[in-house]
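Below, each chain spelled out in residue letters.
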Amino acid sequence: MPPPFATDHLSDEAICVATLLSALKWDNDRRLRIALQAERFVQHIRDHKGGLGEIETFLEHYPLGSPEGLALMTLAEALLRIPDAATADALIAEKLAAGTWKTGGTSGVMKLAGIGVNLARKTLGSFPDSAERSLIRPLIHKGAEEAIRRIGRQFVVGENIADALSAAKKLEHQGYRMSYDMLGEGARTAADANRYFERYAAAADIIGKAESLRQKSGVSVKLSALHPRYSWTQKDRCVPDIIDRLSQLCRMAAESNISLTVDAEEADRLEISWEIISAVARLPDLRGWNGFGLAIQAYDKRCFRLIDAIDDLAVEAGRKIQVRLVKGADWDTEIKRAQVAGLPDYPVFTRKANTDLSYLASARKLLALRERIYPMFGTHNAHTVAAVLDMAADTGGIGGFEFQRLYGMGGALYDMVMAGHQVPASVPVSIYAPIGSHEDLLPYLIRRMLENGANTSFVYHVLSAGHDAALKDPAKD
Ligand code: FAD
């Protein structure tokens, strides 16, 4: 039988919004308090530009809407995958002809990108002859590839778990907790799935043994990495296999006393992932370990009611469950998939303000359930952070939850939150830290660039001159 939240899958957006608004308990005093707090955050972020990640600085100079931003994204998407030199040449020449590239800037990536692309563009222009070009070709390719890798590395903590643990020491000293993610975009073959499983298992083992400065770190797991046929049509085959693999990983995590959170993926996988997660949460031998959890996406219309199901599961399984609330990373893809499939409606909200509203209503619900749920709020939006802090104050106080940010992003905002600076009390913050080599990081890099460069995103607005849009109240919009 489908879970109760399934009925919201393609429901009418206006009806969903009415339900969320009535659950939010939003009044003018709250609105003003949050606006003021968010404004303080934004001011601090702007005053501490050094606290912006390299990628945020980069997007500030080359927004994705600009010819340079678009050119770099296309290059990042394609360059490292092009097998032959002539096509790579043509792509570099075409893309770099666009726009004006700056050579200055204080950020390492900015300097590198500016110098690299100017050099490549000039050189390609001065050597139209193919024989001469082939002499300098390796140099140009190396420069362009290195620039893309450097940008990608801003989001990746290390190529392997040992590098990652060592790079994370500085952040742990600052007070951050870590949650490691093995980069990879889903297993295509059984061999891929075995390889990912081994990588997760090794990570759980090494993290468990590592001496952590504060609290033990955790791992984040993608179910699509554990099986090559993780889809609704292959349910009978993949669900038992993934339950088996996930429970093995959970046992390792429980033994090492680290946490394990299942990432949220495509909307059409939510119901099977729920079947898997709830089966694992009920396993009697995992009782007493409260580190198991899942990520949920506010842009999905089912999110608000999914939290009820999680709470019921926590009661039934006699355990606390960790819930990472995010807005959702693949909005464009969800819209496109629904269109291609000819669905009668979308599984996700179609207005940014509605996703924000869903996030806030879901955050409020999670905060009220802290006895059985450990909420983890993953966002880089200062208005959302201010709203969560404000709602926490009247649903049990500050405590029993944390914020999460992605490695390479949100540093200025969360340094402040963690230090208790300009906020009612310090709140723990975890960093979601991807690990992987350059082959694995490209799709992740593109996702982050698209997300941050979108003209609806908080990062986009906070970097542009008029930041009022960044501080929009979704309950008013
Ligand atoms: P904001 O700029 O406030 O929000 C941007 C988001 O709004 C978009 O990503 C999209 O969700 C939504 N949006 C944009 N335009 C529209 C529109 N027209 N209509 C409706 N909604 C719109 N994502 C996952 O999918 N799965 C995960 O497991 C996951 N894990 C994460 C873990 C951490 C620690 C963090 C910080 C993020 C994680 N994310 C994950 C990514 C997360 O979904 C994005 O970071 C987030 O969407 C950006 O939200 P924001 O509040 O920082 O920014």
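Residues numbered from 1 in each chain as written. Predicted model: local features only at pLDDT ≥ 70, side-chain atom pairs only at ≥ 80, totals over all residues. Heavy atoms only, no water.

Of regular secondary structure, the protein chain possesses 18 helices and 8 strands. Here the protein chain, with 477 residues, has 56% of them falling under the buried criterion. Taking the contacts inside the protein chain whose residues are at least 6 apart along the sequence as the reference set, 78% of them involve residues at least 24 apart. Carbon together with sulfur atoms contributes 54% to the accessible area of the protein chain, which is approximately 20000 Å² in total. (Helix = DSSP H or I, 4+ residues; strand = E, 2+ residues; numbered from the N terminus. Buried < 20%, exposed > 50% of the residue type's maximum accessible area, 1.4 Å probe, protein only. Contact = heavy atoms within 4.5 Å. Areas by Shrake-Rupley, 256 points an atom, 1.4 Å probe, with all protein chains shown as cover.)

This part takes up unusual backbone geometry. Residue K25 is not a glycine yet carries a positive backbone phi of 50°. You can see K25 is positioned in the loop between α1 (13–24) and α2 (28–47). Positive phi, normally seen in glycine, also occurs at N257, with a value near 55°. If you trace the backbone, N257 turns up in the loop between α10 (235–256) and β3 (259–262).

Right, let's talk about the pattern of salt bridges for a bit. Going through the model one piece at a time under the given rule, you end up with 23 salt bridges. Its salt-bridge partner being D390, residue R30 comes within 2.7 Å of it at the nearest N-O pair. With R30 in helix α2 and D390 in helix α15 (residues 382–393), this residue pair connects regions lying 360 residues apart in the sequence. Given a relative accessible area of 5%, R30 falls into the buried group. A salt bridge links K352 to D356, with the shortest nitrogen-to-oxygen separation between them at 2.8 Å. In this pair, K352 and D356 both sit in helix α14 (residues 352–368), 4 residues apart, roughly one turn of the helix. You can call K352 partly exposed: its relative accessible area is 29%. (Salt bridge = Lys/Arg side-chain N within 4 Å of Asp/Glu carboxyl O.)

This part is about the pairing of strand β5 (residues 321–326). Here β5 lies mainly inside the structure; 5 of its 6 residues are buried. Across 5 bridges, strand β4 (residues 292–297) lies against β5 in parallel orientation. Counted as the bridge partner of I296 is L325 from β5. Between β4 and its parallel partner β5, the chain crosses via helix α12 (residues 303–317), and the hand of that crossover is right-handed. (Pairing = 2+ DSSP bridges. Right-handed = clockwise from strand over helix to strand, strands pointing away.)

This next bit is on the environment of I272. Relative to the helices and strands, I272 resides in helix α11 (residues 270–281). Taking the C-alpha atoms as reference points, I272 and C238, separated by 34 residues in sequence, lie 9.3 Å from one another. Every residue in contact with I272, bar those within four places of it in the chain, is listed here: Y230, S231, W232, K235 and V239.

Within the secondary structure layout, R405 lies in strand β7 (residues 402–406). For R405, which is buried and forms no salt bridge, the nearest opposite charge comes from D415, at a distance of 4.9 Å. Here the side chain of R405 touches M409 through a polar contact of 2.7 Å, landing on its backbone oxygen. For R405, the residues in contact, after removing those within four places along its chain, are L171, Y176, H380, G410, G411, Y414, S430, I431 and Y432. (Lys, Arg positive; Asp, Glu negative; His and termini not counted. Polar contact = N/O pair within 3.5 Å; in protein donor to acceptor, adjacent residues only side chain to side chain.)

Turning our eyes to something else, we now look at the packing of α14 against α15. Interaxial distance between α14 and α15 falls to 10 Å at its minimum, and their mutual angle equals 35°. Crossing of α14 against α15: the hand is right-handed. For the pair α14 and α15, the contacting residues are Y359, L360, A363, R364 and L367 in the first and T384, A387, V388, M391 and A392 in the second. Per-class residue counts for the contact of α14 with α15 are 8 nonpolar, 1 polar and 1 charged. (Axes fitted to C-alpha atoms, helices over the stretch in contact; angles between N-to-C directions. Left-handed = near helix turned anticlockwise from the far one by under 90°. Nonpolar A, V, L, I, M, F, W, Y, C, P; charged D, E, K, R; others polar.)

With that settled, consider the site of the ligand. Close to the ligand lie 29 residues; G328, T355, T379, N381 and F458 are nearest. At a separation of 2.6 Å, a nitrogen atom of the ligand approaches a polar side-chain atom of T355. Calculation on the ligand without its partners gives an accessible area of 940 Å², and the protein chains cover 93% of this total. Elements represented by at least two residues in the shell around the ligand include exactly β4, β5, α14, β7 and α17 (438–453). Among the elements that line the shell around the ligand, the one with the most residues is β7, at 3 residues. A per-class count over the shell around the ligand returns 10 nonpolar, 11 polar and 8 charged. (Near = heavy atom within 4 Å.)

It is worth spelling out the packing of aromatic side chains at this point. Taken as a whole and judged by the stated rule, the model has 7 aromatic pairs. Relative to F401, the ring of F377 has its centre 5.8 Å away and its plane inclined at 70°; by these criteria the two rings are edge-to-face. Taken together, the residues span a long stretch of sequence, with F377 in strand β6 (residues 373–378) and F401 in the loop between α15 and β7 at a distance of 24 residues. Between the aromatic rings of F401 and F403, the centroid separation amounts to 5.9 Å while the plane-to-plane angle is 85°, which identifies the pairing as edge-to-face. (Phe/Tyr/Trp six-rings, centres within 6.5 Å; stacked < 30°, edge-to-face > 60°.)

For the rest of this paragraph, the subject is the pairing of strand β2 (residues 218–221). Residues G218 and S220 of β2 are buried on one face, and the alternating residues V219 and V221, pointing to the opposite face, are buried as well. By the bridge criterion, 4 bridges tie β2 to β3 in an arrangement that is parallel. Within β3, the position partnered with V221 by the bridge is V262. Between β2 and its parallel partner β3, the chain crosses via α10, and the hand of that crossover is right-handed.

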